[in-house]
Amino acid sequence: MLVDSHCHLNYLDDPDAKLATARTLGVGAFLCIGVNESTHDAVVNIAARHPDVWASAGIHPESAINDVSPDWVAAAARHDRVVGIGETGLDYFKIAGDAATVQRRQRDTFAAHLSIARDLNLPVIVHTRAAEADTIDLLRAHPHTIGVLHCFTESWTLARAALDLGWYVSISGIVTFRNAENVRDVATRIPGDRLLIETDSPWLAPVPHRGKTNEPAYVTHTAAYLATLRGDGLENLAAQTTANFSRLFSRTRVQSDQRTNSSS
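Residues numbered from 1 in each chain as written. Predicted model: local features only at pLDDT ≥ 70, side-chain atom pairs only at ≥ 80, totals over all residues. Heavy atoms only, no water.

Peer 1: What should I look at first to understand the pairing of strand S2 (residues 27–32) in this one?
Peer 2: Where a strand is regular, its side chains alternate between the two sheet faces. Counting buried positions over the six residues of S2 gives five, a clear majority of the element. For strand S1 (residues 2–7) and S2, the ladder comprises four bridges, and the chain directions are parallel. Directly across from Val3, in S2, lies its bridge partner Ala29. Of the pairings in the sheet, the one linking S2 to strand S3 (residues 53–57) comprises three bridges and is parallel in character. Each bridged residue has a counterpart across the sheet, and for Phe30 the counterpart in S3 is Val53. (Buried < 20%, exposed > 50% of the residue type's maximum accessible area, 1.4 Å probe, protein only. Helix = DSSP H or I, 4+ residues; strand = E, 2+ residues; numbered from the N terminus. Pairing = 2+ DSSP bridges.)

Dropping the structure here:
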């Protein structure tokens, strides 16, 4: 079984059909990611309809630039289908307007998410782009919080710093892109017990679907490519990344066990 550890199902046309297609290809679990308060209900509603879909609650750094309060995140995360905090983080790439103010707002919001996750004992889903030093500083300032750096595109320096703190790193279809040598380099160095895979659909479809709308079924292409890149068997990589997902997002494991017990 494969897991799509990061997808935005609420932005896909007919997500139920896309999930059905992915299941036929062996994708057995999905994490639908929240990015702001206004779309949170849509994210949770999809998870509530499907026992193999879970949700997260958070404010994407691009939404954090509006100085919105993260206070709602803690309450939203108490829903039984919410298994993580985020997507949160820092994105300093091509900031419009007052860069110093935007960066401060992103750092404050990210720090608030890390604190909420610590209080609720939940993992954090982190988006980081062109903000390595501040990302490392904030992760180190919250040593009792762990999570995943999703759709990783940055340097081994950042990945290693996160791994040293107990974090996980997730690889998306970008690893299949011709100009993604840095991602491939990091992808070969991540320890097997800290690796996740994702689509980040509907964006960043892997080769051979690059340029098209991404969907959870395409995580199979990323997994196959990554297994070859790492000199691993696809079945082993699938089993390892599925186990990693269950370990990090432990609420999914508990709920799956409860469903199994109730049906037996």
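Peer 1: Is there a simple way to think about the sheet that holds strand S8 (residues 195–197) in this case?
Peer 2: Two pairing modes exist for strands in a sheet, parallel and antiparallel, and in both the strands are linked by backbone hydrogen bonds. Judged by pairing direction, the sheet is parallel, and its eight strands sit side by side in the order S1-S2-S3-S4-S5-S6-S7-S8 without closing on themselves. The open sheet terminates on both sides in strands that have one partner only, identified here as S1 and S8. Taken pair by pair, the neighbouring strands of this sheet meet at an average axis angle of 30 degrees, ignoring direction. (Axes fitted to C-alpha atoms, helices over the stretch in contact; angles between N-to-C directions.)

Peer 1: Honestly, the packing of helix H8 (residues 181–189) against helix H9 (residues 219–229) in this entry has me stumped. Any pointers?
Peer 2: Each pair of packed helices can be described by the angle between their axes along with the distance between the axes. Two elements in contact, H8 and H9, have axes whose closest approach is 10 Å; the angle formed by their N-to-C orientations is 70 degrees. What the angle tells us is that H8 and H9 run roughly perpendicular. Across from Arg184, Ala187 and Thr188 in H8, the residues of H9 making contact are Tyr225, Leu226 and Leu229. (Parallel < 35°, antiparallel > 145°, perpendicular 65-115°, else oblique. Contact = heavy atoms within 4.5 Å.)

So far we have only geometry, and geometry alone does not tell us how the molecule works.
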